[in-house]
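Analysis of the macromolecular model
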Amino acid sequence: TDFGWPRIIIFIFLLLLFVAAPIVGVRLDASFSDVLNRFGYGESTHSGFPGESSGVMAPPRTWGMVKRGSISYGMGLSVTPVQLAQAYAALANHGQLMPPTFIKGGVGKGRQVMDPQIARNVLMMLQSVTEVGGTAQRAAIDGYRVAGKTGTARLASGGGYAKRYVSVFAGV
């Protein structure tokens, strides 16, 4: 079957990504957990939403090689929809994280969690996901730039993983 060069290049890129991410992840140091903390993962957003969870992120001092590797490609931690929305909004807001709120007119003080140029570069990469050849082309909206990321994970169950999956698309 002729897959064409663009598909072959994408396949090689994805293969390298899934092989390289864990290798890079096991070499990450405290700065990796610092980035996750700056975006609010592992703690409540204090949005005021009843029953809000803080997600699940083990303390970095407990991260061994396997945990660092799995967290580097999105496994080994869980985040809430509000945390995910807050993080993507920070990317769109030039790296400034604003506290989410469900109260009309409720605006808190934001804080810079990422260099604005890095946020811009990440958004450009995420925009390619909704363009031709991306994994979320159906999320594209004519006349608008849409940036996002698809994700699929097995559901945690009883100290392991269930045979069920959850899929998500997060974007701005």
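Preceding block: the structure.
Note that the structure is predicted; figures quoted are calculated from it, not measured.

Moving on, we get to the overall build of the protein chain. Looking only at helices and strands, one finds five helices and four strands in the protein chain. The N-to-C order of helical and strand elements in the protein chain reads α-α-α-α-β-β-α-β-β. Within the protein chain, residue pairs in contact and separated by at least 24 positions form 45% of the contacts whose partners lie at least 6 positions apart. For the protein chain, the accessible area works out to roughly 12000 Å², and carbon and sulfur atoms hold 63% of it.

What follows is about the nonpolar core. Membership of the largest hydrophobic core comes to 19 residues, with the highest contact counts inside it found for L36, F39, Y41, W63, V113 and M114. For this core, the secondary structure elements donating two or more residues are α2 (30-38), α4 (81-92) and α5 (116-127). Looking at this core element by element, the count peaks at five residues for α4. Once residues within four sequence positions are removed from consideration, F39 is found in contact with A87, A90, L97, V113 and M114.

With respect to the helices and strands, Y88 occurs in helix α4. Sequence separation between Y88 and A147 is 59 residues; the distance between their C-alpha atoms is 9.2 Å. For Y88, the residues in contact, after removing those within four places along its chain, are L126, G148, K149, A170, G171 and V172.

What counts and what doesn't
- Residues numbered from 1 in each chain as written.
- Predicted model: local features only at pLDDT ≥ 70, side-chain atom pairs only at ≥ 80, totals over all residues.
- Heavy atoms only, no water.
- Helix = DSSP H or I, 4+ residues; strand = E, 2+ residues; numbered from the N terminus.
- Contact = heavy atoms within 4.5 Å.
- Areas by Shrake-Rupley, 256 points an atom, 1.4 Å probe, with all protein chains shown as cover.
- Core = buried A, V, L, I, M, F, W, Y, C linked by side-chain atoms within 4.5 Å.
- Buried < 20%, exposed > 50% of the residue type's maximum accessible area, 1.4 Å probe, protein only.

Without other data, these values stay purely geometric and don't point to any function.
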